[in-house]
There are 2 protein chains.
Amino acid sequence: MQRYKCKIAYDGSEYGGWQVQPNSMTIQSLCQDALYRLTGVKTHFTGSGRTDSGVHALAQVAHFDSENPVNIRAFNGILPKDIRIITIDPVSRDFHARYSATSKTYRYHISLGEVHDPFTRHYSHHMFYSLDEQLLHKACAKFIGTHDFTSFANSSSEGAAAKGAVRTVTTCKASPTDFGYTIEVTGTGFLYKMVRNIVGCLIKIATGKLPIDRIDELFDAKDRTLAPSAAPAKGLFLCNVQYPERFS
Amino acid sequence: MQRYKCKIAYDGSEYGGWQVQPNSMTIQSLCQDALYRLTGVKTHFTGSGRTDSGVHALAQVAHFDSENPVNIRAFNGILPKDIRIITIDPVSRDFHARYSATSKTYRYHISLGEVHDPFTRHYSHHMFYSLDEQLLHKACAKFIGTHDFTSFANSSSEGAAAKGAVRTVTTCKASPTDFGYTIEVTGTGFLYKMVRNIVGCLIKIATGKLPIDRIDELFDAKDRTLAPSAAPAKGLFLCNVQYPERFS
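This section reports on the structure supplied with the text. Model, not experiment: these values are computed from the prediction.

1. As for helix 5 (residues 194-206) of chain A
Residues and elements named next belong to chain A.
No. 1: Between its terminal C-alpha atoms helix 5 stretches 18 Å, which fits the 18 Å expected from 13 residues at 1.5 Å a residue.
No. 2: Taking burial as the measure, the 13 residues of helix 5 include 12 buried ones, the bulk of the element.
No. 3: Restricting attention to buried positions, one finds in helix 5 the residues Met 194, Val 195, Arg 196, Asn 197, Ile 198, Val 199, Gly 200, Cys 201, Leu 202, Ile 203, Ile 205 and Ala 206.
No. 4: At the exit of helix 5 stands Gly 208, carrying a positive phi of roughly 75 degrees.

2. Focus on the relation of the copies chain A and chain B
No. 1: Once chain A is rotated about the relating axis by 180 degrees and shifted along it by 0.0 Å, it coincides with chain B to within an RMSD of 0.0 Å. Interpreted geometrically, this transformation is the action of a two-fold axis.
No. 2: Here 100% of the contact residues of chain A are again contact residues in chain B; the copies associate through an equivalent surface.

3. Structural notes on the interface of chain A and chain B
No. 1: Across the contact, 23 residues belong to chain A and 23 residues belong to chain B.
No. 2: A combined buried area of about 1900 Å² lies between chain A and chain B, and 67% of that area is made up of carbon and sulfur atoms.
No. 3: Considering only the side of chain A, the residues that lose the most area to chain B are Arg 73, Phe 119 and Arg 121 of chain A, jointly responsible for 33% of the buried surface there.
No. 4: In this assembly, chain A and chain B are joined by 6 salt bridges.
No. 5: For Arg 121 of chain A, the salt bridge goes to Asp 11 of chain B, with nearest N and O atoms at 3.1 Å.
No. 6: On the surface where chain A and chain B come into contact, there are 4 residue pairs in polar contact (both at pLDDT 80 or more).
No. 7: Taken together, the elements giving at least two residues each to the side of chain A that touches chain B come down to strand 1 (2-10), strand 3 (56-66), helix 2 (72-78) and strand 4 (83-91) of chain A.
No. 8: Taken together, the residues of the side of chain A that touches chain B sort by class into 13 nonpolar, 3 polar and 7 charged.

4. Points about the environment of Arg 37 of chain A
No. 1: In this fold, Arg 37 of chain A is placed in helix 1 (residues 27-39).
No. 2: As for Arg 37 of chain A and Phe 75 of chain A, which are separated by 38 residues in sequence, their C-alpha atoms are 9.1 Å apart.

5. Section: the packing of aromatic side chains
Centre-to-centre distance and the angle between the planes together describe a pair of aromatic rings.
No. 1: For the structure shown, the criterion picks out 32 aromatic pairs over all chains.
No. 2: Between Phe 237 of chain A and Phe 119 of chain B, the aromatic rings sit 5.1 Å apart at their centres with planes inclined by 55 degrees, giving tilted as the arrangement. Of this pair, Phe 237 of chain A sits in strand 10 (residues 236-242) while Phe 119 of chain B sits in the loop between strand 5 (103-112) and strand 6 (125-127), each in a different chain.
No. 3: The buried category is assigned to Phe 237 of chain A, whose relative accessible area is 6%.
No. 4: Taking the centre distance of 6.0 Å and the plane angle of 35 degrees together, the rings of Phe 45 of chain B and Phe 64 of chain B count as tilted. Residue Phe 45 of chain B is located in the loop between helix 1 (27-39) and strand 2 (46-47), and its partner Phe 64 of chain B is located in strand 3 (residues 56-66); the two are separated by 19 residues in the primary sequence.
No. 5: An aromatic cluster is built from Tyr 4, Tyr 10, Trp 18, Phe 45, Phe 64 and Phe 75 of chain A, whose rings are joined through pairwise contacts.
No. 6: Its end group placed over the ring of Tyr 36 of chain B, Lys 42 of chain B keeps NZ or CZ at 4.8 Å from the ring centre.
No. 7: The aromatic ring of Tyr 192 of chain B is capped on one face by Arg 50 of chain B, whose charged end is 5.3 Å from the ring centroid.

6. Description of the pattern of salt bridges
No. 1: Under the defined criterion, the tally for this structure stands at 20 salt bridges over all chains.
No. 2: Glu 114 of chain B serves as the salt-bridge partner of Arg 73 of chain A, at 3.2 Å between the closest nitrogen and oxygen. Residue Arg 73 of chain A is found in helix 2, and its partner Glu 114 of chain B is found in the loop between strand 5 and strand 6; the two belong to separate chains.
No. 3: Ionic contacts of the salt-bridge type, sharing partners, join the residues Arg 3, Asp 65 and Arg 93 of chain A into one network.

7. Considerations on unusual backbone geometry
Residue and element names in this part refer to chain B.
No. 1: The phi angle at Lys 193 is positive, at roughly 65 degrees, despite the residue not being glycine.
No. 2: Topologically, Lys 193 is positioned in the loop between strand 9 (180-187) and helix 5 (194-206).
No. 3: Note on Lys 193: relative accessible area 24%, which makes it partly exposed.
No. 4: Here Lys 222, not a glycine, exhibits a phi torsion of approximately 50 degrees, which is positive.
No. 5: Tracing the sequence through the fold places Lys 222 in the loop between helix 6 (214-221) and strand 10 (236-242).

Definitions and cut-offs
- Residues numbered from 1 in each chain as written.
- Chains lettered and ligands numbered in written order.
- Predicted model: local features only at pLDDT ≥ 70, side-chain atom pairs only at ≥ 80, totals over all residues.
- Heavy atoms only, no water.
- Helix = DSSP H or I, 4+ residues; strand = E, 2+ residues; numbered from the N terminus.
- Expected span 1.5 Å × (residues − 1).
- Buried < 20%, exposed > 50% of the residue type's maximum accessible area, 1.4 Å probe, protein only.
- Least-squares fit on C-alpha atoms with pLDDT ≥ 70 in both.
- Contact = heavy atoms within 4.5 Å.
- Buried area = accessible area lost by both parts, 1.4 Å probe.
- Salt bridge = Lys/Arg side-chain N within 4 Å of Asp/Glu carboxyl O.
- Polar contact = N/O pair within 3.5 Å; in protein donor to acceptor, adjacent residues only side chain to side chain.
- Nonpolar A, V, L, I, M, F, W, Y, C, P; charged D, E, K, R; others polar.
- Phe/Tyr/Trp six-rings, centres within 6.5 Å; stacked < 30°, edge-to-face > 60°.
- Lys NZ or Arg CZ within 6 Å of the ring centre and 35° of its normal.

So, in structure tokens, the structure goes:
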């Protein structure tokens, strides 16, 4: 039995997220179904973590075990065209897509101005109003570091009960793009909807609707109901999952 | 009565092309319907030319006449999100989106390799096999100049009967991209499916399936049935329509 590490890109628009759900088509379930067709064996396809309904991935990582190698073109031939296996590589048996991950990087695309470009309409969040760039940078900086992210986590966070809501964000920065801004967030762990909740808060601050000091108050309050609502799913991309050198 | 010049971007994936058709949803018909709702007057929305079913535009140009200015946000509010009015500007009465155009620029996106990126799957033509870059450049150069494009035009070409099939291509070049190649074609006029037929021929040559001298033979033969089939619509973008200085 060999363990394989997979990178997967997907347009999440049409799916109920990554994780197998009873009444929804998900990326994990379609990949598992494809593996079953290819190998004849029920195979678990374990991702680095969930992505929500509508969230995209440039390089989600998953692992699976198989007696025989799986051909990438055959795998993609079964999957719908909005889910693509990018790489399949043999990896040591102690690799685990979720537990071996040391950090993850997400990007959130904000499109500003009169017109939402039709070619990125499924891949960015559009707003007519502008953002104060200086406030945006200052607000991003507030999220860097180790904090209790309870106010920025929806309730069903994986492992939140066990591990608490303290997480470390190593990068949180906004970069101007042709259309607006991209916000990049890297952290050693994320709670449920944490990136979208951070971005929702950044938008409120950078549009002058919330004072920047509110971020500190929200960290202290540990109360999701006091914080701004999450930014829409379609702007969010899981861009990279980092692992120790020996697994890459 | 004021004439207005409009720029329009659209994702053509879901439409039967630009031009009003009896049994198909088209970009022109949706824009005309929106103008009727906004102005209360049946208004003709005249484009620079047709684009086929599935072809996209970054900046199609059209004109219309109206007693009152049309608000761009209201216009976009009625249109589906895959059609966006980018600009509406007053223009002199002698401007005509089609007859005033001096040239047009198209780009065709080719994606190469094992995986077709899911985020550009509707906006590029994917091939597993590679292209010979030197042959591609040489073949592009063959199309530059004034030629009889009969072999590269499908039969229902607008005005072909009246004007013949002689057209002038001023630019035909291939540029490498992250995913493959983009082929840019600028010309003073185009026949029906001419760009897609040129690209279809370029692909045959750059994959070694057709000798490069066949291009000259096809110009001489003036017979569409001898030339390779058209490249798929989804890779093609109408990128720009050029007009004399006084109209821009």
